[in-house]
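Report on the structure
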Amino acid sequence: MKPYLLAESNWKTLKDHRFELAVLPWGATEAHNYHMPYGTDVYEADAVASEAGRKAWEKGANVTIMPTIPFGVNTGQSDIYLDINLNPSTQLLILKDIITVLDRQGTKKLLILNSHGGNDFKTMLRELGLQFPDMMLFTCNWFQALDKTKYFEEAGDHADEMETSIIMHLHPELVLPLDQAGDGAEKKSKIQGIKEKWAWAERKWSEVTEDTGIGNPKKSSPEKGKKYLEDVTDKVAQLMVDICQAKAGNLYE
């Protein structure tokens, strides 16, 4: 039993224990090019949360990792078969119910460990922060914690070299040979402001990419995935430690 994983904990252990921080990994279920599993974001969330939780626990952080929520916002992929969508309003309701439990039972810190680019919890936490003033609410995108160019040669943001390398390391049996993967070519918007990334509109996924990937995975390797996971979980673990040590009313310097 890993004491920092809620799914492996039992009532005998927890009936007299109260955690400082609850971590909620949140993924998605969606196509990842031809060669990657639909559960890629969930597998990544499980692995990053579990390993970062272990490292944080060994540093003295009183943290529990909750089970990963496997569905995310996939509104731009409505015509991609079995890409399962949760609307942001649905996510808000789920979050509110979870925070209600934590707040009532005395765990006053929550970190959402986001594993899917379509999820965006910031506005939800602004609203929920007013409703739960005693809670300290945080969110992070683990996939933005490091400079990817130091680990991977090809840029991308979906089923790319980074994600493929991670799953090749974690679950090689679920990755098809790379000669069966699409090249992840992305069609760019004709609107200049969106190209320059200071304007935004949701991407219609089937019009942007032929193979559902964005980023060429051909240079992926399990060795790259292992090294990246080692470093990114170090950084996420430190975030957990810092949040555990943080005191309400004394967060700034």
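Where an unreviewed UniProt entry is consulted, the chain appears under the name Creatinine amidohydrolase, with the organism given as Algoriphagus winogradskyi. What UniProt records for the chain under Sequence similarities (unreviewed entry) is the sentence "Belongs to the creatininase superfamily." The UniProt entry for the chain carries the following text under Cofactor (unreviewed entry): "Zn(2+)".

Turning our eyes to something else, we now look at the overall build of the chain. Within the chain, the regular secondary structure consists of eight helices and six strands. Going residue by residue from the N terminus, the α and β elements of the chain occur as α-β-α-β-α-β-α-β-β-α-α-α-β-α. Here the C-alpha atoms of the chain give a radius of gyration of 19 Å, agreeing with the 18 Å that 2.2 N^0.38 yields for 253 residues. Within the chain, residue pairs in contact and separated by at least 24 positions form 79% of the contacts whose partners lie at least 6 positions apart. Working note: accessible area of the chain is about 13,400 Å², and carbon and sulfur atoms make up 54% of it.

Phi at asparagine 33 takes a positive value of approximately 60 degrees, unusual for a residue other than glycine. Looking at where asparagine 33 falls in the secondary structure, it is placed in the loop between β1 (21–26) and α2 (40–58). Of note in the backbone geometry, alanine 159 takes a positive phi value of approximately 55 degrees without being a glycine.

Here we come to the sheet that holds β1. Taken in spatial order, the four strands of this open sheet run β2-β1-β3-β4, and their pairing is parallel. On the outer flanks of this sheet lie β2 (63–65) and β4 (136–141), each paired with one strand and no other. Recorded for the sheet is a direction-independent mean angle of 20 degrees between the axes of neighbouring strands. Judged from the three bridges that link them, β1 and β2 form a sheet pairing that is parallel. Bridge assignment links alanine 22 to a residue of β2, and that residue is threonine 64.

With that settled, consider the layout of surface pockets. The space that makes up the second largest pocket amounts to roughly 360 Å³. Leu6, Leu14, Phe19, Gln105 and Thr107 are the residues nearest the centre of the second largest pocket, which is lined by 14 residues in total. Listed by contribution, the elements that provide at least two residues to the lining of the second largest pocket are α1 (11–14) and α3 (88–105). With four residues, α3 is the largest single contributor of residues to the lining of the second largest pocket. When its residues are assigned to classes, the lining of the second largest pocket shows nine nonpolar, four polar and one charged.

Here the focus is the side chain of aspartate 211. Mapped onto the fold, aspartate 211 is located in the loop between α7 (205–208) and β6 (214–215). For the buried aspartate 211, which has no salt bridge, the nearest side chain bearing the opposite charge is lysine 218, at an N-O separation of 7.9 Å. Within the structure, the side chain of aspartate 211 is placed 3.2 Å from the backbone nitrogen of aspartate 183, a separation counted as a polar contact. A distance of 3.0 Å separates a polar atom in the side chain of aspartate 211 from the backbone nitrogen of glycine 184.

What counts, and where the lines are drawn
- Residues numbered from 1 in each chain as written.
- Predicted model: local features only at pLDDT ≥ 70, side-chain atom pairs only at ≥ 80, totals over all residues.
- Heavy atoms only, no water.
- UniProt positions renumbered as here; feature names shortened; annotations may be inferred.
- Helix = DSSP H or I, 4+ residues; strand = E, 2+ residues; numbered from the N terminus.
- Rg over C-alpha atoms; globule rule 2.2 N^0.38 Å.
- Contact = heavy atoms within 4.5 Å.
- Areas by Shrake-Rupley, 256 points an atom, 1.4 Å probe, with all protein chains shown as cover.
- Pairing = 2+ DSSP bridges.
- Axes fitted to C-alpha atoms, helices over the stretch in contact; angles between N-to-C directions.
- 1 Å grid on protein atoms, 1.4 Å probe; cavity = no way out; pocket = protein on both sides within 12 Å on 5 of 7 lines; lining within 4 Å.
- Points joined across faces, edges and corners; volume = space filled by probe spheres on them.
- Nonpolar A, V, L, I, M, F, W, Y, C, P; charged D, E, K, R; others polar.
- Buried < 20%, exposed > 50% of the residue type's maximum accessible area, 1.4 Å probe, protein only.
- Lys, Arg positive; Asp, Glu negative; His and termini not counted.
- Salt bridge = Lys/Arg side-chain N within 4 Å of Asp/Glu carboxyl O.
- Polar contact = N/O pair within 3.5 Å; in protein donor to acceptor, adjacent residues only side chain to side chain.

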